[in-house]
Amino acid sequence: MISEPTVGEARSVMKHSEFEGADSFIVNLMGDGEFGLERSLLNEADLGELFRSTSLPSMACYYRWKYTGERVDEDDEERMEILRTAVRAGARAVDMVGDTFNPTPGPDEFSDEATEYSLDPDSTAREFTTDPDAIDRQREEIKAINELGGEVQLTAHTRTHLSPDRALEIATAFERRGADMVKIVSVDTSWEDLLETLEATVLLNRELEIPFIMMSHGEHGVLGRYMAPFLGSMLCFTQHEYPPGGFYLQPLTPNVRAVFDSIRNVTPTREPADQSWL
Ligand SMILES: O=C1C[C@@](O)(C(=O)O)C[C@@H](O)[C@@H]1O
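The text that follows walks through the structure, step by step, so that each part is easy to find. The structure displayed is predicted, hence computed values, not measured ones.

### Observations concerning the side chain of K66
Summarising the element assignment, K66 is placed in the loop between β2 (58-61) and α3 (76-88). Judged by relative accessible area, K66 falls into the buried class, the value being 16%. Contacts of K66, omitting those with residues within four sequence positions, involve M30, G31, R71, V72 and F110.

Structure follows, in structure tokens:
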């Protein structure tokens, strides 16, 4: 994940990350220089310089919130316009939240209320709308971005734990909207929760036609970030380093590369009945 304030600093982290084993980038465009690119750089020329400085694919994201905890000034239409600019500038994909055009209400990110919300398994899953007008507009947005040559990942950071069936319900709804990829970020507050998130990963891998990411917020979810790619999730978000005040749930890039390179030959090739058993 790239959260640097300037093109020069972002390029530097990308170059180091390439050698550490990254194979794609997610670039935070929100934040105006605080854990995201400065607002003045969100134009085709500057973004183009960034995205074209690597042969690896980049995904642009402009959430409603910043990593400092405040909300962004832009509304959903303006956020989508920034993401379209990113695609024109060479971003391979954009991250579009699944309640775009009909925001799910809920507490501010990183607030005490957000903690309470995430600890309550009965909270409503956020970033998931079923409003027909919003869904139509999301479909149109996906079409427009596809026409520009970009792909769309529909995302829900649900801020509450999901059962495997609920995770599948949201992911298949996103698939039906025409998403090119799906990302579901659940919440894990125990090892039992993590086991359900891994079960959800297996379920999504079996049922979805499109690539997906299944993972979770919370410290119990960190282990799952390393493991889910072996069960079908398409990637593990990593960081080049941990700056003060940063987001520490994502493992460091070289560690994940070492795990991926060490664990080999774990995908079964034969049915249990065709294997020899001791
Ligand atoms: O969706 C993701 C994953 C994330 O939520 C995480 O927990 O690693 C951080 C987000 O910024 C990123 O876009």
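From this point, the narrative continues.
### Observations concerning the environment of L154
Position of L154 among the secondary structure elements: in strand β4 (residues 151-157). L154 sits 55 residues away from D99 along the chain, and the two C-alpha atoms are 9.2 Å apart. Discounting chain neighbours no more than four positions away, the residues touching L154 are M96, V97, G98, Q138, I142, F174, R177, A179, M181, V182 and K183.

### Quick notes on the site of the ligand
Neighbouring the ligand are the residues M1, I26, Y63, Y67, H157, K183, M215, H217, R225, F237, F247 and Q250. Within the side chain of Y63, one N or O atom sits 2.6 Å away from an oxygen atom of the ligand. One of the side-chain nitrogen or oxygen atoms of H157 is found 2.8 Å away from an oxygen atom of the ligand. In terms of residue class, the shell around the ligand is built from seven nonpolar, three polar and two charged.

Basis of the calculations
- Residues numbered from 1 in each chain as written.
- Predicted model: local features only at pLDDT ≥ 70, side-chain atom pairs only at ≥ 80, totals over all residues.
- Heavy atoms only, no water.
- Helix = DSSP H or I, 4+ residues; strand = E, 2+ residues; numbered from the N terminus.
- Buried < 20%, exposed > 50% of the residue type's maximum accessible area, 1.4 Å probe, protein only.
- Contact = heavy atoms within 4.5 Å.
- Near = heavy atom within 4 Å.
- Polar contact = N/O pair within 3.5 Å; in protein donor to acceptor, adjacent residues only side chain to side chain.
- Nonpolar A, V, L, I, M, F, W, Y, C, P; charged D, E, K, R; others polar.

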